[in-house]
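As a plain string of letters, each chain reads:
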Amino acid sequence: MGRGKFKGKPTGRRQFSTPEEMVAGSSARPRTFRKQEVEEEIEEENSSEEESEEETEKGKGTQGIIEIENPNLVKPKAMKARDVDIEKTTELSRREREEIEKQKAHERYMRLQEQGKTEQARKDLERLALIRQQRADAAKKREEEKAAKDQKKAEARK
């Protein structure tokens, strides 16, 4: 007999009940499954009766099943639109507050840096002035060397 497209593992083959076994009730299914099915059917019947009696309260998830009194549970307060205070500003968390302070301090520092009032800006400006002076001296020296070279060429031609 063919097994279909996929070959089964040698450790265990599927056992299918024949219609005769199912009618006779001697299928290979464990008896615990039958007990569970019967219990589930009984629970469904009871729950349908209870649902018709109590349809007033239905919670999300396990809230409807497990009824507990949690003293730490904070129930959400329903707020109406007319009760909302528009002028009230929400307080920022510590992290948000620190982040804003950090940004403002950085902006203030950069403004002072542009004006040249910070220690680092003064050092940068001194270095820049020194580099400009060196470049100017080097350019002057090159001009003098070039002039001397041109003068030598002119004398050599004569």
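All residue numbers here refer to positions counted from 1 along the written sequence of the relevant chain. Totals for whole chains, interfaces and linings use every residue, but because this is a predicted model, local features are given only for residues with pLDDT of at least 70 and side-chain atom pairs only at 80 or more, for both listing and counting. In computing side-chain values, all of the structure's heavy atoms are included and hydrogens and water are not.

Focus on the overall build of the chain
Working step 1: Strands here mean DSSP runs of E at least two residues long; helices mean DSSP runs of H or I at least four residues long; both are numbered from the N terminus. Looking only at helices and strands, the chain features 4 helices and 0 strands.
Working step 2: N-terminal to C-terminal, the α/β element order of the chain is α-α-α-α.
Working step 3: Classification of residues uses two cut-offs on accessible area relative to the type maximum, computed with a 1.4 Å probe and protein chains only: under 20% is buried, over 50% is exposed, and between them is partly exposed. When the 158 residues of the chain are sorted by exposure, 3% land in the buried category.
Working step 4: Using the Shrake-Rupley algorithm and a 1.4 Å probe, accessible areas are obtained, with residue cover drawn only from the displayed protein chains. Of the roughly 17100 Å² of accessible surface on the chain, 51% is carried by carbon and sulfur atoms.

Overview of the pattern of salt bridges
Between side chains of opposite charge, a pair can form as their charged atoms come close.
Working step 1: Salt bridge, as used here: a side-chain nitrogen of Lys or Arg that lies within 4 Å of a carboxyl oxygen of Asp or Glu. Summed over all chains, the structure comprises 3 salt bridges.
Working step 2: E98 serves as the salt-bridge partner of R94, at 3.2 Å between the closest nitrogen and oxygen. Here R94 pairs with E98, and both are found in helix α3 (residues 94-115), just 4 residues apart, close to one helical turn.
Working step 3: The partly exposed category is assigned to R94, whose relative accessible area is 49%.

Looking at α3
Working step 1: One less than the residue count of a helix, multiplied by 1.5 Å, gives the span that helix is expected to have. Counted at 1.5 Å a residue, the expected span for α3 with its 22 residues is 32 Å, and the 32 Å between its end C-alpha atoms agrees.
Working step 2: Just downstream of α3 lies G116, where phi reads positive at about 80°.

Let's talk about the side chain of T118
Working step 1: Summarising the element assignment, T118 is placed in the loop between α3 and α4 (119-157).
Working step 2: Using a relative accessible area of 9% as the deciding quantity, one classes T118 as buried.
Working step 3: Any pair of nitrogen or oxygen atoms within 3.5 Å is treated as a polar contact; in protein, a donor-acceptor pairing is required on top of that, and neighbouring residues in sequence qualify only through side-chain atoms on both sides. Among the polar contacts made by the side chain of T118, one reaches the main-chain amide nitrogen of A121 at a distance of 3.2 Å.
Working step 4: Any two residues whose heavy atoms approach within 4.5 Å are treated as being in contact. Leaving out residues up to four positions away in the same chain, T118 has contacts with Y109, L112 and Q113.

Let's talk about the confidence of the model for the chain
Working step 1: This prediction gives the chain a mean pLDDT of 79; 73% of its residues lie at or above 70.
Working step 2: Think of pLDDT as the predictor's per-residue confidence, scored from 0 to 100. Between the elements of the chain, mean pLDDT differs from a low of 65, seen in helix α2 (residues 31-53), to a high of 94, seen in α4.

Observations concerning a negative patch on the surface
Working step 1: Together, E39, E40, E41, E43, E44 and E45 give the surface a local cluster of negative charge.
Working step 2: In this fold, E45 is placed in helix α2. Excluding any residue in a salt bridge, patches collect residues exceeding 30% relative accessible area, merging like charges within 9 Å and nonpolar Val, Leu, Ile, Met, Phe, Trp and Tyr side chains within 5 Å. A residue counts as positive if it is Lys or Arg and as negative if it is Asp or Glu; His and the chain ends are not included. By convention, the charge on Lys lies at NZ, on Arg at CZ, on Asp at CG and on Glu at CD.

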